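# Coordinate inspection notes
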Amino acid sequence: MSNLLDTIDSVLLMGPGPSSVNPKVYQALAKSTIGHLDPQFLGLMDGLKESLRKVMYTKNEATITLSGTGSSGMEAVMTNLIEDGEPMLVAVNGYFSERLVEVASRLGAQVDKIEFPWGKPVDPSEVAKKLKEKSYKFVSMVHGETSTGVLNPIKEVGPIVRAAGAYFIVDAVTSLGANELHVDDWCVDALYSCSQKGLGCPSGLSPVTFSARAMEKIAARKKKVPNFYLDMTLLMKYWSGTPRGYHHTAPANMYYAFYEALALILEEGVENVCARHKEVHEYLVAGLEKLGLSLLVEKPWRLPNLNTVLIPQGIEEAAVRKELRQTYKIEVGAGLGSLAGKIWRIGIMGHTARKENVDTLLAALKKILGR
Ligand SMILES: *Cc1c(COP(=O)(O)O)cnc(C)c1O
């Protein structure tokens, strides 16, 4: 009998996520499953919390991993913090910041948008102006906008939001593990990411962190958090209560893999990992330019781990991606939203972020494009 698993290719993942996985992370995934309340597993959860705090540069007690993809982190942050009718300002300059508006609105927030063109960063002075005109409970934005390849200036916006007395909510799904990100110093109150992009693990988990003042807001809610599975007060009993209480059956093997992926980052050093992403990004851009290709985003605002490449005239973009996947076993991403058909998205994240992978991709592109 044929087994479909035998047909799965080993693909070099150079899209917007998932990224390629270090063999050591696969080894961790294959360790024996133990119970989600086993003392050894609870110890591993403690280790995970500690590693996450280091990677995120935070002392936040409420720093845990959710058993769900990055989108579950987005839902968790919003559903825990928002109470009906509270005003929120969302800085919008791409597909994922549009999703912030959608998710927050569904939960009853009164959302105002401050919009910037796709491919350009959020302007902190515009956010400051808006915060002088109106009082907001929350300000939210995306750090690394995966749809456009822009790195937004969280570091500059955070202190402005804090000074205005609002809570600062940040999507770091693509940025964490590949870019400098200091949760505490940059005045971030709630932040979520995922396991499968910069952190180099398969998808399925979402690390989140909440500041002490964010957790105080949650504790003071008039009504319970409307979502049981993502309720931080319940989750914190599982992650640090005495005794530790059952909440859900955490996927032990995924937690092993995530622990290993974070250990690899800490072993290399967070700053060194970020520097490696930048270096490989510059190497990629130089190679693309040699092929006559150019990037959507101007140099100062580029997200190093996600490169948006303009499709040259006369090239059928989907055919190129198809040939990359079929002949060369390389995955790159298509454009999303209003950039569909206009760009390719080339990810160099986590274990993918190595020059040898860039060489492999550039050689394949050169052949396909006949340049
Ligand atoms: C990928 C991504 C998400 C969604 O994460 P999933 O893990 O796919 O659920 C959210 N925000 C940004 C910026 C992303 O790149």
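Structure report, in brief.

### Some details on the overall build of the chain
Counting secondary structure elements, the chain contains twelve helices and 14 strands. The C-alpha radius of gyration of the chain comes to 21 Å, within 12% of the 21 Å expected for a compact globule of 371 residues. Taken over the C-alpha atoms alone, the chain extends approximately 65 × 55 × 40 Å along its principal axes. By residue count, 57% of the 371 residues in the chain fall in the buried class. Relative to all contacts within the chain whose residues are 6 or more apart in sequence, the contacts with residues 24 or more apart total 72%. One way to put it: in the chain the 42 positive side-chain charges average out to a point 1 Å from where the 40 negative ones average out.

### With respect to the side chain of Glu83
Relative to the helices and strands, Glu83 is located in the loop between helix H3 (70-81) and strand E3 (87-92). Polar side-chain contacts of Glu83 include one of 3.5 Å to the side chain of Lys217. In contact with Glu83, not counting residues within four places along its chain, are Lys217, Arg221, Lys222 and Lys223.

### Points about the side chain of Asn93
Take Asn93: it is sitting in the loop between E3 and helix H4 (95-106). Among the polar contacts made by the side chain of Asn93, one reaches the side chain of Asn152 at a distance of 3.0 Å. If we ignore the near neighbours within four places in the chain, the residues touching Asn93 are Phe116, Pro117, Trp118, Gly119, Lys120, Pro121, Val122, Glu145, Thr148, Val150 and Asn152.

### Some points on the sheet that holds strand E4 (residues 110-115)
Consider a sheet: its strands pair through backbone hydrogen bonds, and that pairing is either parallel or antiparallel. On the basis of which strands lie adjacent, the open sheet formed by seven strands has the order E2-E10-E9-E8-E5-E3-E4 and mixed pairing. Only two strands of the sheet have a single neighbouring strand rather than two, namely strand E2 (62-66) and E4. For this sheet, the mean inter-axis angle between neighbouring strands, taken without regard to orientation, is 15 degrees. Examined bridge by bridge, strand E8 (residues 167-171) and strand E9 (residues 190-192) share three bridges and lie parallel to one another. Each residue of the ladder has a partner; that of Ile169, found in E9, is Ala190. Strands in contact with helix H7 (residues 212-219) are E2, strand E5 (138-142), E8 and strand E10 (206-210); relative to E10, the strand with the most contacts, it is inclined by about 85 degrees.

### Re the site of the ligand
Taken together, 13 residues surround the ligand, and among them Thr69, Ser71, Thr146, Asp171 and Lys197 come closest. Residue Ser71 places a side-chain N or O atom 2.5 Å away from an oxygen atom belonging to the ligand. Residue Thr174 places a side-chain N or O atom 2.9 Å away from an oxygen atom belonging to the ligand. Among the residues making up the shell around the ligand, the classes are represented as four nonpolar, seven polar and two charged.

### Notes on the packing of aromatic side chains
Overall, the coordinates contain four aromatic pairs when judged by the stated rule. Their ring planes at 35 degrees and their centres at 5.5 Å tell us that Phe41 and Tyr255 sit as a pair that is tilted. Separated by 214 residues along the polypeptide, Phe41 in helix H2 (residues 39-56) and Tyr255 in helix H9 (residues 252-268) bring together distant segments of the chain. When its relative accessible area of 0% is taken as the criterion, Phe41 is described as buried. Ring centres of Trp239 and Tyr255 lie 5.9 Å apart, and the angle between their planes is 25 degrees; on these two criteria the pair is classed as stacked. With Trp239 in helix H8 (residues 232-240) and Tyr255 in helix H9, the pair connects residues that are 16 residues apart, well separated along the chain. Connected via pairs of aromatic rings, a cluster forms that spans Phe41, Trp239 and Tyr255. One residue, Lys197, lies across the ring of Phe96, its end atom 5.6 Å from the ring centre.

### Looking at the sheet that holds strand E13 (residues 333-334)
Taking strand neighbours across the sheet as the criterion, the three strands line up as E11-E14-E13 in an open arrangement whose pairing is antiparallel. Strands at the two margins of the open sheet, each flanked by one partner only, are strand E11 (306-310) and E13. Direction of pairing for E13 relative to strand E14 (residues 343-347): antiparallel, over a ladder of two bridges. What sits directly across from Gly333, in E14, is Arg345. Packing of helix H10 (residues 270-290) onto the sheet brings it into contact with E11 and E14, and relative to E11 it is tilted by some 10 degrees.

### What about H9?
The end-to-end C-alpha separation of H9 is 25 Å, in line with the 24 Å expected for 17 residues at 1.5 Å each. Every buried residue of H9 is accounted for by Ala252, Asn253, Met254, Tyr255, Tyr256, Ala257, Phe258, Ala261, Leu262, Leu264 and Ile265. Looking at the packing, one finds that the buried side of H9 touches helix H1 (23-29), H2, E2, E10, H8 and H10.

### Structural notes on the pairing of E11
Most of E11 is tucked away, with four of its five residues classed as buried. Pairing of E11 with E14, which is carried by five bridges, proceeds in the antiparallel orientation. What sits directly across from Asn307, in E14, is Ile346.

### Concerning the packing of H2 against H9
Axis separation between H2 and H9 bottoms out at 10 Å; the angle between their running directions is 40 degrees. Here H2 and H9 pass one another in a crossing that is left-handed. Here H2 contributes Phe41, Leu44, Met45, Gly47, Leu48, Ser51, Leu52, Lys54 and Val55 to the contact with H9, which in turn contributes Ala252, Tyr255, Tyr256, Phe258, Tyr259, Leu262, Ile265 and Leu266. Of the residues contributing to the contact of H2 with H9, the split by class is 14 nonpolar, two polar and one charged.

About the cut-offs
Residues numbered from 1 in each chain as written. Predicted model: local features only at pLDDT ≥ 70, side-chain atom pairs only at ≥ 80, totals over all residues. Heavy atoms only, no water. Helix = DSSP H or I, 4+ residues; strand = E, 2+ residues; numbered from the N terminus. Rg over C-alpha atoms; globule rule 2.2 N^0.38 Å. Buried < 20%, exposed > 50% of the residue type's maximum accessible area, 1.4 Å probe, protein only. Contact = heavy atoms within 4.5 Å. Lys, Arg positive; Asp, Glu negative; His and termini not counted. Charge placed at Lys NZ, Arg CZ, Asp CG, Glu CD. Polar contact = N/O pair within 3.5 Å; in protein donor to acceptor, adjacent residues only side chain to side chain. Pairing = 2+ DSSP bridges. Axes fitted to C-alpha atoms, helices over the stretch in contact; angles between N-to-C directions. Near = heavy atom within 4 Å. Nonpolar A, V, L, I, M, F, W, Y, C, P; charged D, E, K, R; others polar. Phe/Tyr/Trp six-rings, centres within 6.5 Å; stacked < 30°, edge-to-face > 60°. Lys NZ or Arg CZ within 6 Å of the ring centre and 35° of its normal. Expected span 1.5 Å × (residues − 1). Left-handed = near helix turned anticlockwise from the far one by under 90°.

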